[in-house]
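Structure at a glance
Single-letter residue listing:
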Amino acid sequence: MSNEVARIAGHVIPTELQLDVAKTAATCEGFLRDYFKASGHATGIIGLSGGIDSALVAHLLVNALGRDRVRGVFMPSDTSAPSSLEDARLVARQLEIETEEISIALPLQAVVAGLPDGQAIARVRRGNIAARLRMITLWDRSAVHQGLVVGTGNRTETMIGYWTLHGDGAWAINPIGGLYKSQVRQLAAHLGVAEQVIAKAPSADLWPGQTDEGEGGFDYPTLDQVLYRLVDLRRTPQAIVAEGFDAAAVARIVELHTRSAFKRAERPIAQIAQPIPRT
């Protein structure tokens, strides 16, 4: 197992995942700048959750496009932690970007109430509905402001399926989708994201007290290290365990990666020969 030699705001950064942060920032910002120029869209629309991922993307957008072309949207629900909205506002103030607050509490209640089992809906299902309502809201604002919805999901989440189809995964462009969570922390620190945002426990804020690591049963440094070996280095689970990683943890991560493969795959379409001859 690799030595843990660096920390950022209390979080361990595995050795093998340390970045050239200046080069990475330039790559991500250039990617955004080039895409917006080619597409002709005026504004980057981003949901600001108060978490590190959206804060980092907001910083990248401002650096790439300028603060006048970035619009942040706060979308609290009735179960959102007040501190999340406070941190989201902190990011917006720091960057001096235009924002608007649109609560999803009422539409979320309406959708849940309209379901046959709405009174007994599991909180994960409710969280997925909330994620999809937030993306509906962002795409609506993109129409108003001639913008593109910019994604905030990282590589770690993508590789284990910790995201919602047609929810937070329904972005038009994503500058940090190739970065593991440990690398997100490094780049966020480099770009000056507020330390309290970097230091906080990652959470989708879908119900009170929810955290990514608590819900998933993993810690991000270990998850990143195992995924890096499994996906990027193409090592077998047995080889990863042989390096010193816990066998049960590796098995759990492999299961999450395998079970979520359908989310990452191109949506299948039946291939029909054209034209179809009449019989």
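Just above sits the structure.
Please read all numbers here as calculations on a predicted model, not as lab measurements.

With that out of the way, let us pick up unusual backbone geometry. Here the amide bond leading from Gln 274 into Pro 275 is cis, since omega sits at -10 degrees, within 30 degrees of zero. With respect to the helices and strands, Pro 275 occurs in the segment after helix H13 (261-264). Not every positive phi belongs to a glycine, and His 166 is a case in point at roughly 65 degrees. Secondary-structure assignment places His 166 in the loop between helix H6 (155-160) and helix H7 (181-191). On the accessibility criterion, His 166 (52% relative accessible area) is exposed. Its identity is not glycine, yet Arg 234 carries a phi of approximately 55 degrees, on the positive side. Relative to the helices and strands, Arg 234 is located in the loop between helix H10 (220-232) and helix H11 (237-242).

Quick look at the nonpolar core now. One finds Leu 32, Phe 36, Leu 48, Leu 56, Leu 60, Leu 61 and Leu 187 to be the most contacted residues of the largest nonpolar core, which totals 39 residues. Among the elements of the structure, helix H1 (21-39), helix H2 (52-65), strand E4 (70-74), helix H3 (82-95), H7 and helix H8 (195-199) are those that each provide at least two residues to this core. With 10 residues, H2 is the largest single contributor of residues to this core. Those residues in contact with Leu 60 that lie beyond four places of it in its chain are Ala 25, Cys 28, Glu 29, Leu 32, Pro 175, Ile 176, Leu 187 and Leu 191. In this structure, Phe 218, Ile 240, Ile 253 and Val 254 belong to the second largest nonpolar core, which totals 18 residues.

Let us look at the pairing of E4. The buried fraction of E4 is high, at five of five residues. Across the two faces of E4 the burial is the same, with Val 70, Gly 72 and Phe 74 and Arg 71 and Val 73 all buried. Summarising the sheet, strand E3 (residues 43-47) and E4 pair through four bridges and their orientation is parallel. If you follow Gly 47 over to E4, its bridge partner there is Val 73. As for the winding sense of the linkage, the β-α-β connection from E3 through H2 to E4 is right-handed. Pairing geometry for E4 and strand E5 (residues 98-101), over four bridges, is parallel. By the bridge assignment for E5, Val 73 is matched with Glu 100. In terms of handedness, the path from E4 via H3 over to E5 forms a crossover that is right-handed.

About the cut-offs
- Residues numbered from 1 in each chain as written.
- Predicted model: local features only at pLDDT ≥ 70, side-chain atom pairs only at ≥ 80, totals over all residues.
- Heavy atoms only, no water.
- Helix = DSSP H or I, 4+ residues; strand = E, 2+ residues; numbered from the N terminus.
- Buried < 20%, exposed > 50% of the residue type's maximum accessible area, 1.4 Å probe, protein only.
- Core = buried A, V, L, I, M, F, W, Y, C linked by side-chain atoms within 4.5 Å.
- Contact = heavy atoms within 4.5 Å.
- Pairing = 2+ DSSP bridges.
- Right-handed = clockwise from strand over helix to strand, strands pointing away.

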